[in-house]
Amino acid sequence: MNIHIKVGDVLTLLCTLCLPFLSSCDALDEAPDNRTEITSPDRVQSLLTSAYPTTSPAVICELSGDNLLDDNVVVTATHNAAMSRFHEEAYQWKNIEDYSTNVPDTPYQIWEAYYQGIAVCNHAIAAMQEMSADPAHDTSLAHSWGEAHVLRAYLHFVLVSMFAEAYKDEARSSADKGIPYVTTPETTVHVDYSTSEYLHSVKTTYDLIEKDLLEGIDLIDDAKYKVPAYHFNRNAANAFAARFYLFKRDYEKCLKYADAALGTTPVLRNWRAINQNTIRSSVNDYNSEIQSWNFLIQSTYSYQWRMLDTNARFAINEGTTFKADGKTWHVPSTLAVTCFGSGPNWSGPLPAYSGLVYINMEGQQFGAWLFRLYEYFEFTDKIAGIGHIHQLYQPFNADETILCRAEAKLYLGDRAGAIQDLDKWTSSHLVEKTLELADIRKRYNRSTKDNDYVSDLHPAEMGFEKVLTGDDLSILDCILHFRRVETVHEGHRWFDIKRYGIQIYHHYRGPNEDDIHTDSLTWDDPRRVLELPRNVIESGYPSNRTNSAAGGYAGPGMVSVALQRTTPQPYQQ
């Protein structure tokens, strides 16, 4: 049976786009009168600027993972509602129905925004093919050809990481459902997405990502960008390649591209130079586009800071212990393992974060967040106090890339090199003690009861050819911990949970409930795959979860909100 899905065609330089798989879209038979033709290299470059999404997977991934706790469980006698219904649904690993509230960060908006960016890339590529018989070797087009392919690869990589199983091995990933890999402009009303052209496995999706990545990565020319940090510059592209090959477990290539991004002498973030006079100055320094360690900066519309600061139903918290059904539950402190805890060669909070962890108000014992989450506000009406909220998100930077390299070195048998990279990370975060293997052994001791710094890994079940043991396993635990600290609020922890089959637990209590619910996500739980939005499934594309077929619908992602800002207080232990 053919499945026909209504799509729209990208027809303007300003990217007034209808997106693949959206049943509300109508294709346009003719270009509108104000259409801007893509007829020059400069216009191609301008078009690609609009292909970078204004949403990120951070919120949905943080809610799905193990960084956030339910305040209704952790803080005695609280019965708070979530800021949005979909936050509660995501935390409970349910199919997300709440797409009608016009709130950013939903899976619908990620799906729509990333496929919109893919559509832009496809039209840019098609336009370049009309301008030249060989765009990759045309000096006026080669750079844009490279950017379009690398960006298209990255957008599909985010989508397959969220809406499909993690990469396992060739056999298992050939059987797992992937996502549609779209490489041509949508120019017809009905496209049959049930064909093999679009119904890909995870392996095929990864193969197509790799093809695009390799097509474009060597063509990128930083000199073509006015502000390289807001585009896939060479460092960002190499960092993406390093992460892609790490997830694919091609460690030699991961090492190659990580080295290319980091250089012979890696320069990591200068935490000592971050201005702490105000939280805004700290955020501006952290997100500075002129700093070499900020490989790629993405501007998004997000409620993430307000979710943690103002609402704090699901937030980073101190742990607790509770009893239910005759069993005692240990809820680990996510504050300790993310932004306010000790490590293998430092005690107390990570020195780089000193004075930069905030809470909403003095005396509050929950809802801590790292300064970099603080939002920017764009006024559309200063008198009414309304406008758009912006969150700057860093998909790639030097500090995370060196952790990718450390993991690759570990699997390649270079234990000393991995520890050297980990020590480089700690020293850049103002830790004075040199990291040694003995420190790692002690902190990540799996024989210690309730050691919150180690996770229940299932690498063999996830298709890892090499399963680490002994000291190597302790070093891996250290890498996963450092990446959790480095990427807190950014959602990357969820991808580590998926690719290592980490078993996690969520404990929650509804705003009108007294009983605490507990649930676990095992390595093979189908809920590790985020369900497709409802309108995608209703349009005929098969469900990607094996046990359900629900989803939802949302309005546009650019939301006008009133400015309601409290004065954050530094967190005191």
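Everything discussed here concerns the structure shown above.
Cut-off values and rules
Residues numbered from 1 in each chain as written. Predicted model: local features only at pLDDT ≥ 70, side-chain atom pairs only at ≥ 80, totals over all residues. Heavy atoms only, no water. Phe/Tyr/Trp six-rings, centres within 6.5 Å; stacked < 30°, edge-to-face > 60°. Lys NZ or Arg CZ within 6 Å of the ring centre and 35° of its normal. Helix = DSSP H or I, 4+ residues; strand = E, 2+ residues; numbered from the N terminus. Contact = heavy atoms within 4.5 Å. Axes fitted to C-alpha atoms, helices over the stretch in contact; angles between N-to-C directions. Parallel < 35°, antiparallel > 145°, perpendicular 65-115°, else oblique. Left-handed = near helix turned anticlockwise from the far one by under 90°. Nonpolar A, V, L, I, M, F, W, Y, C, P; charged D, E, K, R; others polar. Core = buried A, V, L, I, M, F, W, Y, C linked by side-chain atoms within 4.5 Å. Buried < 20%, exposed > 50% of the residue type's maximum accessible area, 1.4 Å probe, protein only. Pairing = 2+ DSSP bridges.

## Quick look at the packing of aromatic side chains
Summed over the entire model, instances satisfying the criterion amount to 33 aromatic pairs. Each residue in the set Y52, Y154, F157, Y167, Y206, F232, F240, F244, Y245, F247, Y257 and F396 is aromatic and connected to the rest through ring pairs, giving one cluster. Of note, R249 hangs over the ring of F464, and the distance from its end group to the ring centre comes to 3.7 Å. We note R443 situated over the ring of Y453; from NZ or CZ to the ring centre the distance is 4.2 Å.

## Notes on the environment of C339
Assignment of secondary structure puts C339 in the loop between α13 (334-337) and β8 (357-359). Sequence spacing of C339 and A368 is 29 residues, and the spatial spacing of their C-alpha atoms is 8.6 Å. In this view, C339 contacts I316, Y353, V357 and L370; residues no more than four positions away in its chain are not counted.

## Points about the packing of helix α1 (residues 41-49) against helix α6 (residues 142-163)
Viewed as axis vectors pointing N to C, α1 and α6 meet at an angle of 20°, and their least axial separation amounts to 10 Å. Considering the angle they form, α1 stands roughly parallel to α6. Crossing hand, α1 versus α6: left-handed. For the pair α1 and α6, contact is made by V44, Q45 and L48 and by H143, S144, E147, A148 and L151, respectively. By residue class, the composition of the contact of α1 with α6 is four nonpolar, three polar and one charged.

## Focus on the nonpolar core
In this structure, F232, F240, F371 and L422 are the most contacted members of the largest nonpolar core, which totals 167 residues. In this structure F240 touches V150, A153, Y154, F157, I209, L213, F232 and F396, once residues within four positions along its chain are discounted.

## As for the pairing of strand β4 (residues 294-300)
Judged by how many residues are buried, β4 sits mostly within the fold: six of seven residues are covered. Pairing between β4 and strand β11 (residues 386-397): five bridges, direction antiparallel. Residue pairing in the sheet places T300 in a bridge with Q391 of β11.

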